[in-house]
Amino acid sequence: MKPKIQDIKSQRIQHVEMRDIVKRFPGVLANSKVSFDVRAGEIHALLGENGAGKSTLMRQLYGLYQPDEGEIVIDGKPYVFRSPADAIRAGIGMIHQHFMLVPTLTVTQNVALGLRSSREPLLDLDKVTRRIQGLSEAYGLKVDPHAFVWQLSVGEQQRVEIMKALYRGASLIILDEPTAVLTPQEVKDLFATLRRMVQEGHSLVFISHKLHEVMDISDRVTVLRDGKVIGTRPTHKVTRGELVKMMVGRELKEPEPRSLKPGPAALKIEGLKTVGDRGTEALHGIYLEIHSGEILGLAGVSGNGQRELAECLAGMRKATAGRIAIGESDITTFTLNQRIDSGMAYIPEERMRDGAIREFSVEENIYLHDHSFAPYTHGIFLDFSQMASHAIDLVNEYALKTPSLDTPLKNLSGGNIQKLIMARELSRHPKALIAAQPTRGVDIGATEYIHQRLLAQREAGTAILLISEDLDEIRTLSDRIAIIYEGRIVGVVQRGQATIEQIGLMMAGVSMKEAMHG
Amino acid sequence: MKDVISLGVLGGILTSMIRLATPFLYAAIGETFAQTSGVVNLGVDGIMLLSAYGAFYVALNTGNLWLALLTAAAIGLLMGLLMSFISVTLKAEQGISGIGLYMFGLGMSSLLFKITIGTVKTIDGFQPVRIPLLGDIPGIGPILFDHSLPVYGAFLLVPIAWWVLDKTTLGLKIKSVGQNPAAADSLGINVDRIRYFSVCLGAVLAGLAGASLSTALVDLFQDNLTAGQGFIAVALVYFGGWNPWGVMGGAFLFSIVNSIQLWMQVIGVKIPSDVAVMLPYLLTIAALMITVNRVRQPAALNKPFERGES
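Being a predicted model, the structure only gives us computed values, none of them experimental.

Undergrad: What am I meant to see in the overall build of chain A here?
TA: A count of helices and strands for chain A gives 19 helices and 22 strands. Taken against the 2.2 N^0.38 rule, which gives 24 Å for 518 residues, the C-alpha radius of gyration of chain A at 25 Å falls within 12% of a compact globule. Along the first, second and third principal axes, the C-alpha set of chain A runs to 80 × 50 × 50 Å. Considering chain A as a whole, with its 518 residues, one finds that 53% of them fall into the buried category. Put simply, of all contacts in chain A between residues at least 6 apart along the chain, 67% involve residues at least 24 apart.

What follows is the structure, given as C-alpha cells:
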C-alpha cells in the first residue's frame with residue numbers, strides 16, 4: 001500500500017498562489033492587492049482582526065466570490081473559479097466557521113450530498129459509508145457515519161466537515177476559525193488531525209485571530225489588516241508581541257489587577273431548571289450566587305445550557321423549577337418588564353435578534369424599553385427633545401461611531417451595535433447584568449472598550465454574570481469562574497486558581513475534584 | 001340511524017373516499033416536492049383551476065382525454081415556471097406571489113370558461129377500469145380496484161415520491177436545498193436549479209390534480225371548480241410532515257370526512273348541507289392544530305437563497 005500513498009501525494013497540489021487580489025464590496029475595499037501562497041505539507045496561518053479580509057480572501061479561493069482583480073495560480077496554471085464546484089474539482093476544500101451541514105441528514109448523507117453516485121440516479125450510501133470508515137482510520141478522524149448531524153457535538157460536526165473535504169479529494173483545505181467553538185481538548189485533537197494531514201502532503205490554510213493557536217500550529221503566518229497584507233513570516237521567527245502589533249497597529253492594554261472586595265449577594269440562582277428548544281431539560285438545577293461588585297465568568301462549550309440560563313434569567317424562557325432573586329426580591333415569575341424594573345440588565349448573545357432592531361435608528365434602539373417612562377413622555381406623547389439629548393449623551397459617553405442618531409442600526413459595525421446595547425442597558429444602573437458573549441464577532445478595539453466598561457460596572461457595584469466561550473476573556477475579567485457542562489455547574493474556582501487545562505477538563509465534564517487534583 | 005349505515009353505504013363511503021382523495025394526492029405530493037426544496041407555493045389552487053379548465057376544454061373539443069391531461073400538465077409547467085421565476089430568481093415573498101398566482105388562475109379560468117364554453121356541459125371522462133382478479137375480491141375489490149386511471153396514478157405517485165425523495169441523489173439534493181441551501185451551495189449544488197425543478201414538478205402535478213377533477217371525478221367544469229382544494233392540499237403537506245405517506249394519510253382523513261358528508265346528504269341525514277360541506281375544512285384546521293411538527297419542517301422554507309448571506 002505504501003507506493004500508492006506516494007502516488008496520491010505526488011498528485012496533490014504543490015503550490016497555490018493568489019496574486020494581487022482585489023475585492024470590492026459596496027462601500028468597502030475588502031481585499032487590496034493581496035498576495036498569498038501555500039505549499040504542500042505546510043500550515044499557513046492567516047491572522048487578523050474581524051473584518052480584516054481573511055474570510056473574503058479565502059472565499060475567493062473557494063469560488064464563493066470572484067476577485068475583481070488579480071489571479072489564482074495552482075502549480076503554475078492560472079484558474080478561474082466561478083463556483084465552489086470549480087474549486088472542489090481543482091482540489092480545494094473549505095471548512096466554514098458556520099458549519100455547512102444539513103442537520104436532518106446523517107453523516108453519510110451529508111458526505112454523499114452533491115457527489116456522483118456509482119449507481120445514479122440511486123444513492124450508494126453503503127459504499128460511501130465504507131469509504132468514510134477507511135478515511136476515518138487513515139486520518140484518525142472519529143465519526144459515526146450513521147449518526148444524524150443534529151445529534152453530534154460541535155467537535156464531531158467539524159470532523160464531518162473535514163471528512164467531506166477529504167472525501168472529495170481536497171489537497172488544499174481552508175479552515176475558517178476552526179477552534180472558535182471547541183474545548184481545549186477538542187482543539188488538541190483537531191491539531192493532531194491537522195498535523196497528520198500535512199504529513200500526508202495536504203496544504204492547509206488556518207484562519208484565526210487567536211495568537212497562541214497560530215504560534216502552536218502554523219509553519220508560516222500572514223497578517224492582514226484593513227484588507228492589506230501587513231507581512232508574511234515563518235512562525236518560528238516571530239513573537240506574539242510582534243504579531244499583535246502587526247494585527248492591531250498598536251500595543252494593547254491588559255486589564256488592571258483587582259482591588260475591590262465584592263459586596264453582598266445580589267443575584268441568587270437556586271436549583272434553576274428549564275427546558276430547551278428540543279423539549280428536553282436543558283438546565284438540571286443551577287446554583288449560583290453573584291455578589292455586588294463581582295464578575296462571575298461562566299465557562300463552557302457552547303450548547304451546554306449557557307443560552308438557556310441567560311434566557312431564563314432575562315425572562316425570555318420559563319423556569320420549570322427553582323428560584324431567581326435580585327437582592328431579597330424573588331423575580332422567578334416576573335415578566336421581562338418587571339425584571340428590568342427590579343434592576344436586571346441583559347446583553348443577549350444574539351444581539352441582532354434579541355437585543356436590537358436592525359431597521360430602527362440608533363436613537364430608537366436606545367429607547368426600545370425606556371420610551372414609555374418619564375421624563376421621556378408628556379402624557380401619552382413622546383418627548384423627542386429629551387430623548388435626543390439623552391441619546392447624544394450616551395453616544396458620546398460610549399464613543400459610538402455613527403453618522404447620526406437617525407442612522408439605521410444595520411449600517412453600524414458589530415462592535416458599535418454592541419456598544420449601543422451596552423449603553424442602553426448600563427444607563428439604567430442595573431443591580432445585576434447578564435452579559436452573554438459580549439465580544440463575539442467584535443473587533444479587538446471594541447472588545448477592549450467593552451471589557452473596560454464591564455470592569456467599570458463592576459466597580460460601580462453591579463453583579464455581573466459573564467457568559468463567554470473565550471477562555472482568555474473569562475480569565476482576565478472574572479473574580480470567580482463557574483464551569484457549566486450539560487446543564488450543571490461542574491465547579492466554581494477563584495480568579496487565578498485554575499489553569500486553562502484544568503478549566504478545559506471541567507468544560508469537558510470532568511469533575512472539579514479530578515480536574516484540580518487528578 | 002341503525003338501518004342507514006348498511007354495508008352498502010359503508011362501501012360507497014370508502015369508494016368515494018378513494019376517488020375524492022385523488023386531486024389532493026396529486027396536488028399535495030407536488031407541493032411536498034416544492035416545500036421540501038424550500039418554496040411554499042400557495043398558488044396550487046390557481047394552477048388546478050386553470051389546468052382543470054384547459055383539460056376540460058380539450059376533452060370537450062377533441063374527445064381525447066390523454067391530450068387533455070397533457071394540456072393540464074403543460075399549463076402546470078408554465079405556471080410553475082412563473083412561480084419559480086418570481087420566488088427563486090426574483091426572490092419575492094413566496095406567500096404573496098403564490099396568492100397572486102391563485103388569483104390569476106381563478107380569474108383566468110372563469111374568464112376563459114365564459115368566453116369559450118359559457119354554460120356547464122359534461123363530457124365522457126375517464127371510465128373506471130376494473131383490475132382483473134384484484135377487482136373480484138369480495139368486499140374490498142370493488143372499493144380499491146374499480147377506479148379510473150388517474151385515480152390509480154395518484155396512488156402510484158405516493159411510493160414513487162417517497163422513493164425519489166429518500167433513495168435517489170436528486171431527493172437528497174432537494175432535501176438539502178430546503179434545509180440548508182448554503183451547505184448545498186458550498187458542495188457545488190445549483191440551489192436555484194433544484195428549486196426550479198421542484199416547484200415546476202409540483203406545478204405539473206397540481207395541473208394533473210385539476211385535470212383529474214374535471215375529466216375523471218366530476219366530468220365538468222364550472223367557476224371555482226376546486227372550491228379551495230388546492231389550499232387544503234398545501235395544509236396536507238404540513239399535516240403529513242413533508243412525507244408522502246403522511247400526506248396520503250392526511251388526504252384520506254380529509255376525503256373520508258368529505259365522503260361521509262356527501263353520503264349524509266344522499267341518505268338524508270338532517271343537517272343543513274352548508275354545515276356538512278364545512279366539516280372537512282373544520283377538520284383540517286383541527287388536525288393542523290394537533291399535528292404541527294416544526295422539527296421536520298424544511299428549515300429554509302419560505303427563505304430565498306442568496307450566496308454569502310448567513
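Having put the structure on the table, let's press on.
Undergrad: Would you explain unusual backbone geometry in this entry?
TA: Residue and element names in this part refer to chain A. The omega angle of the peptide bond from Glu120 to Pro121 is 0°, so this bond is cis rather than trans. Inspection of the secondary structure puts Pro121 in the loop between helix H4 (107-112) and helix H5 (125-139). Not every positive phi belongs to a glycine, and Glu177 is a case in point at roughly 45°. Tracing the sequence through the fold places Glu177 in the loop between strand E7 (172-176) and helix H7 (184-199).

Undergrad: Whenever I open this one, the side chain of Gln179 of chain B confuses me. Can you help?
TA: Its location among the elements puts Gln179 of chain B in helix H7 (residues 169-179). Given the relative accessible area of 14%, Gln179 of chain B is considered buried. Excluding residues within four positions of it along the chain, Gln179 of chain B makes contact with Val102 and Thr104 of chain A together with Arg296, Gln297, Pro298, Ala299 and Ala300 of chain B.

Undergrad: What am I meant to see in the confidence of the model for chain B here?
TA: Do not read the predicted coordinates in detail wherever pLDDT is low. Mean pLDDT over chain B works out to 91, with 96% of the residues at or above the 70 mark. Among the prediction metrics, the complex's ipTM stands at 0.83, with pTM recorded as 0.74.

Undergrad: Sorry if this is basic, but what is going on with the interface of chain A and chain B here?
TA: How big an interface is tends to be reported as the loss of accessible area on association of its parts. Contact with chain A, which involves 31 residues of that partner, is made by 21 residues of chain B. Between chain A and chain B, the buried area comes to about 2000 Å², and carbon and sulfur atoms account for 68% of it. In terms of surface lost to chain B, no three residues of chain A exceed Met100, Leu113 and Leu123 of chain A, which account for 27% of the buried area on that side. Here chain A is connected to chain B by 0 salt bridges.

Undergrad: Looking at this model, I keep getting lost on the pairing of strand E11 (residues 265-275) of chain A. Mind explaining?
TA: Here is the key point about a regular strand: its side chains alternate between the two faces of the sheet. All names here are of chain A. Pairing geometry for E11 and strand E12 (residues 281-291), over 8 bridges, is antiparallel. The partner of Leu272 across the bridge, within E12, is Ile286. The turn linking E11 back onto E12 is made up of 5 residues, and Gly279 within it adopts a positive phi angle of 90°. Examined bridge by bridge, E11 and strand E14 (residues 319-326) share 6 bridges and lie antiparallel to one another. Its bridge partner lying in E14, Glu270 is registered against Arg323.

Undergrad: Just to check I follow, could you spell out the domain arrangement of chain A for this structure?
TA: Residues and elements named next belong to chain A. Entries for chain A in the domain assignment read domain 1 (5-248) and domain 2 (265-356 + 424-517). Inter-centroid distance (C-alpha atoms) of domain 1 to domain 2 is 33 Å. Listed as interface residues are 11 residues of domain 1 and, on the opposing side, 13 residues of domain 2. Applying the counting criterion to the domain 1 and domain 2 interface returns 0 salt bridges.

Undergrad: Could you clarify how one ought to interpret the nonpolar core in this entry?
TA: Most often, soluble globular proteins keep nonpolar side chains buried together rather than apart. Grouped together as the largest cluster of nonpolar side chains are 104 residues, with contacts concentrated most on Ile173 and Leu194 of chain A. It is helix H1 (residues 7-36) of chain B that contributes the most residues to this core, 9 residues altogether. Among residues more than four places away in sequence, those in contact with Leu194 of chain A are Ile43, Leu175, Leu204, Phe206 and Ile217 of chain A. Membership of the second largest hydrophobic core comes to 33 residues, among which are Tyr367, Leu400, Leu405 and Met422 of chain A.

Undergrad: Just to check I follow, could you spell out the sheet that holds E14 of chain A for this structure?
TA: Within a beta sheet, neighbouring strands are joined by backbone hydrogen bonds and run either parallel or antiparallel to one another. Residue and element names in this part refer to chain A. Within the open sheet, the 4 strands sit side by side as E12-E11-E14-E15. Their pairing is antiparallel. Taken across any chain shown, the strands that pair with only one partner, and hence form the sheet edges, are E12 and strand E15 (329-330). Contacting E11, E12 and E14, helix H10 (residues 306-314) crosses the sheet at an angle of about 115° to E11.

Undergrad: I would appreciate a short explanation of the pattern of salt bridges in the present structure.
TA: If the charged atoms of two oppositely charged side chains come close together, the side chains can form a pair. All names here are of chain A. Under the criterion given, the structure shown has 32 salt bridges over all chains. Between Arg307 and Glu311 there is a salt bridge; the shortest N-O distance is 3.3 Å. Here the residue Arg307 and the residue Glu311 both occupy positions in helix H10, the gap between them amounting to 4 residues, near one helical turn. For Glu425, the salt bridge identified is with Arg428, shortest N-O distance 2.7 Å. Overall, the relative accessible area of 6% leaves Glu425 in the buried class. One salt-bridge network, held together by shared partners, links Arg307, Glu311, Arg317, Arg353 and Asp354.

Undergrad: Can you walk me through the packing of aromatic side chains in this structure?
TA: To describe a pair of aromatic rings, you give the distance between the ring centres and the angle between the ring planes. If you walk through the whole model with that rule in mind, you get 12 aromatic pairs over all chains. A ring pair is formed by Tyr102 of chain B and Phe231 of chain B, whose centres lie 4.8 Å apart and whose planes are at 80°; its orientation type is edge-to-face. With Tyr102 of chain B in helix H4 (residues 94-116) and Phe231 of chain B in helix H10 (residues 229-239), the pair connects residues that are 129 residues apart, well separated along the chain. Taking relative accessible area as the criterion, Phe231 of chain B reaches 27% and is therefore assigned partly exposed. Directly above the aromatic system of Tyr167 of chain A lies the positively charged group of Arg131 of chain A, at a separation of 4.2 Å from the ring centroid.

Undergrad: Looking at this structure, how should I read H7 of chain B?
TA: Since the α-helix turns once every 3.6 residues, residues separated by three or four places project in the same direction. Of all 11 residues in H7 of chain B, 9 are buried; the element is thus mostly enclosed. Looking at H7 of chain B, one finds that the buried residues are Thr169, Gly171, Leu172, Ile174, Lys175, Ser176, Val177, Gly178 and Gln179 of chain B. On the buried face of H7 of chain B, the contacting elements are H4 of chain A together with H1, helix H6 (149-167), helix H8 (181-186) and helix H9 (191-217) of chain B.

Undergrad: Hey, could you run me through the environment of Asp479 of chain A in this one?
TA: All names here are of chain A. Within the element layout of this structure, Asp479 appears in the loop between helix H17 (471-477) and strand E21 (480-485). Classification of Asp479 by relative accessible area gives buried; the value is 11%. Taking the C-alpha atoms as reference points, Asp479 and Leu426, separated by 53 residues in sequence, lie 20 Å from one another. At 2.9 Å, the side chain of Asp479 and the side chain of Arg458 are in polar contact.

Undergrad: Got a minute to help me understand the packing of H6 of chain B against helix H11 (residues 244-266) of chain B in this structure?
TA: Packed helices, taken two at a time, are described by the angle their axes make and the gap between the axes. All names here are of chain B. Viewed as axis vectors pointing N to C, H6 and H11 meet at an angle of 155°, and their least axial separation amounts to 8 Å. The angle between the axes of H6 and H11 places the two elements in the roughly antiparallel class. Along its contact with H6, which presents Phe155, Val158, Pro159, Ala161, Trp162 and Leu165, the element H11 presents Pro244, Trp245, Met248 and Phe252. When its residues are assigned to classes, the contact of H6 with H11 shows 10 nonpolar, no polar and no charged.

Undergrad: What's the story with the pairing of E21 of chain A in this structure? I'm lost.
TA: Residues and elements named next belong to chain A. With 5 of 6 residues buried, E21 is to be regarded as a mostly interior element. The pairing of strand E13 (residues 295-299) with E21 spans 4 bridges and is parallel. Counted as the bridge partner of Leu296 is Arg480 from E21. In this structure, E21 lies alongside strand E22 (residues 488-494), joined through 6 bridges in antiparallel fashion. Among the inter-strand pairings, Ile481 is bridged to a residue of E22, identified as Val493.

Undergrad: Honestly, the confidence of the model for chain A in this entry has me stumped. Any pointers?
TA: Here chain A averages 87 in pLDDT, while 95% of its residues score no lower than 70. Counted against residues more than four places away or in other chains, residues 1-7 of chain A, with its pLDDT under 50, gives 1 contact.

Undergrad: So what exactly am I meant to see when it comes to the sheet that holds E7 of chain A here?
TA: Residue and element names in this part refer to chain A. Read across the sheet, 6 strands follow the order E6-E7-E8-E3-E9-E10 without closing on themselves; strand pairing throughout is mixed. Single-partner strands in this sheet number two, and they are strand E6 (92-95) and strand E10 (228-234). Neighbour to neighbour, the strand axes of the sheet diverge by 15° on average, direction disregarded. Lying on the sheet, helix H6 (residues 154-167) is in contact with E6 and E7; it crosses E6 at an angle near 175°. Lying on the sheet, H7 is in contact with strand E3 (43-47), E7 and strand E8 (203-208); it crosses E8 at an angle near 150°.

Reading the values: rules and limits
Residues numbered from 1 in each chain as written. Chains lettered and ligands numbered in written order. Predicted model: local features only at pLDDT ≥ 70, side-chain atom pairs only at ≥ 80, totals over all residues. Heavy atoms only, no water. Helix = DSSP H or I, 4+ residues; strand = E, 2+ residues; numbered from the N terminus. Rg over C-alpha atoms; globule rule 2.2 N^0.38 Å. Buried < 20%, exposed > 50% of the residue type's maximum accessible area, 1.4 Å probe, protein only. Contact = heavy atoms within 4.5 Å. pLDDT = per-residue confidence, 0-100. Buried area = accessible area lost by both parts, 1.4 Å probe. Salt bridge = Lys/Arg side-chain N within 4 Å of Asp/Glu carboxyl O. Pairing = 2+ DSSP bridges. Domains from an automatic or database assignment. Core = buried A, V, L, I, M, F, W, Y, C linked by side-chain atoms within 4.5 Å. Axes fitted to C-alpha atoms, helices over the stretch in contact; angles between N-to-C directions. Phe/Tyr/Trp six-rings, centres within 6.5 Å; stacked < 30°, edge-to-face > 60°. Lys NZ or Arg CZ within 6 Å of the ring centre and 35° of its normal. Polar contact = N/O pair within 3.5 Å; in protein donor to acceptor, adjacent residues only side chain to side chain. Parallel < 35°, antiparallel > 145°, perpendicular 65-115°, else oblique. Nonpolar A, V, L, I, M, F, W, Y, C, P; charged D, E, K, R; others polar.

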